[in-house]
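Summary of the model geometry
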Amino acid sequence: GAVVSQHPSWVICKSGTSVKIECRSLDFQATTMFWYRQFPKQSLMLMATSNEGSKATYEQGVEKDKFLINHASLTLSTLTVTSAHPEDSSFYICSATHRASGNTIYFGEGSWLTVV
Amino acid sequence: DAKTTQPTSMDCAEGRAANLPCNHSTISGNEYVYWYRQIHSQGPQYIIHGLKNNETNEMASLIITEDRKSSTLILPHATLRDTAVYYCIVRAPNSGYALNFGKGTSLLVTP
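On to the overall build of chain B. Of regular secondary structure, chain B possesses zero helices and nine strands. Secondary structure elements of chain B, listed N to C terminal, follow the sequence β-β-β-β-β-β-β-β-β. Computed over its C-alpha atoms, the radius of gyration of chain B comes to 13 Å, within 12% of the 13 Å expected for a compact globule of 111 residues. Along the first, second and third principal axes, the C-alpha set of chain B runs to 40 × 30 × 25 Å. Looking at the 111 residues of chain B, the share that counts as buried comes to 44%. Roughly 5,800 Å² of accessible area belongs to chain B as shown, and the carbon and sulfur atoms make up 48% of that amount.

What follows is the structure, encoded as structure tokens:
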């Protein structure tokens, strides 16, 4: 299957700082990527849809100014958590649409964010 | 996207077949059935998908009923590494929409 890679796998940051998470489609071009957040013992919650070259579409309740998404190329989308607080600590997961396999969606390994 | 209903949890003995059911009675004609699984602390892994015919790959088989209102994912010889949460999701692949995850089925494979 197609490979989607996230970096970093885990990060610890101080409260009030910003942290960037990268999502790359390694062997294909992805015009659409999706960002999810998952709290312990809960299912994945969609945060936003990221389309290459245009502004991201955020789900209701997700602050666009806090969770900045940039999809500047067909293989890279980034999620920046600005002014992070402990309640932003979570597992962040990206996914990308693989056109060659009939628009099957593949996921990255996820990134653990801990805000202290 | 149509909603799905899955059992909350299931157990399976190692080496036996694991049969995971999913109901999707409101599925539309252009929606496929996708199965993913999430092993603890990892991103979801794509398993298999289908429209109306049964499908098989190196990981699993997917059996879809003729009326397409339900399906079963079959892991033919479950191993301990198959312990995970399994998600059944219906989606129209050309919709551009994301996958909407429910609670899935927590499968425990025991020695």
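Next comes the rest of the account.
Residue and element names in this part refer to chain B. One open sheet holds the four strands; their spatial order is β2-β7-β6-β5, and the pairing between them is antiparallel. The open sheet terminates on both sides in strands that have one partner only, identified here as β2 (18-23) and β5 (55-56). Where β2 lies against strand β7 (residues 70-75), six bridges are found, and the strand directions are antiparallel. Note on β7: the bridge partner recorded for C22 is S71.

Before going further, it helps to spend a moment on unusual backbone geometry. All names here are of chain A. Put simply, H7 and P8 share a cis peptide bond, and its omega is 5°. The backbone of S83 shows a phi angle near 45°, a positive value even though the residue is not glycine. S83 gets classed as partly exposed once you look at its relative accessible area, which sits at 35%. For N103, which is not glycine, the phi dihedral falls at a positive 65°. Mapped onto the secondary structure, N103 falls in the loop between β9 (90-98) and β10 (104-107). Under the relative-accessibility criterion, N103 is labelled buried at 14%.

Moving on: the environment of H24 of chain B. Residues and elements named next belong to chain B. Its place among the elements puts H24 in the loop between β2 and β3 (32-38). What makes H24 buried here is its relative accessible area of 0%. Taking the C-alpha atoms as reference points, H24 and R68, 44 residues apart in sequence, are found 7.6 Å from one another. Within the structure, the side chain of H24 is placed 2.8 Å from the backbone oxygen of R68, a separation counted as a polar contact. Engagement of the side chain of H24 in a polar contact is seen with the side chain of S71, the distance being 2.9 Å.

For the rest of this paragraph, the subject is the pattern of salt bridges. Under the counting rule described, the total for this entry stands at three salt bridges over all chains. Where K66 of chain A meets D88 of chain A, a salt bridge forms, and the shortest distance between an N and an O atom there is 2.8 Å. Separated by 22 residues along the polypeptide, K66 of chain A in the loop between β6 (57-58) and β7 (67-73) and D88 of chain A in the loop between β8 (76-81) and β9 bring together distant segments of the chain. As far as the burial class goes, K66 of chain A and D88 of chain A line up, both buried. The salt bridge partner of R37 of chain B is D82 of chain B, with a shortest N-O separation of 2.7 Å. Taken together, the positions of R37 of chain B in strand β3 and D82 of chain B in the loop between β7 and β8 (84-91) put the pair 45 residues apart, joining distant regions of the chain. Neither R37 of chain B nor D82 of chain B differs from the other in exposure class; each is buried.

On to the environment of P40 of chain A. Residues and elements named next belong to chain A. Mapped onto the elements, P40 comes out in the loop between β4 (32-38) and β5 (45-51). Judged by relative accessible area, which is 62%, P40 ranks as exposed. Sequence spacing of P40 and E52 is 12 residues, and the spatial spacing of their C-alpha atoms is 30 Å.

Conventions we followed
Residues numbered from 1 in each chain as written. Chains lettered and ligands numbered in written order. Predicted model: local features only at pLDDT ≥ 70, side-chain atom pairs only at ≥ 80, totals over all residues. Heavy atoms only, no water. Helix = DSSP H or I, 4+ residues; strand = E, 2+ residues; numbered from the N terminus. Rg over C-alpha atoms; globule rule 2.2 N^0.38 Å. Buried < 20%, exposed > 50% of the residue type's maximum accessible area, 1.4 Å probe, protein only. Areas by Shrake-Rupley, 256 points an atom, 1.4 Å probe, with all protein chains shown as cover. Pairing = 2+ DSSP bridges. Polar contact = N/O pair within 3.5 Å; in protein donor to acceptor, adjacent residues only side chain to side chain. Salt bridge = Lys/Arg side-chain N within 4 Å of Asp/Glu carboxyl O.

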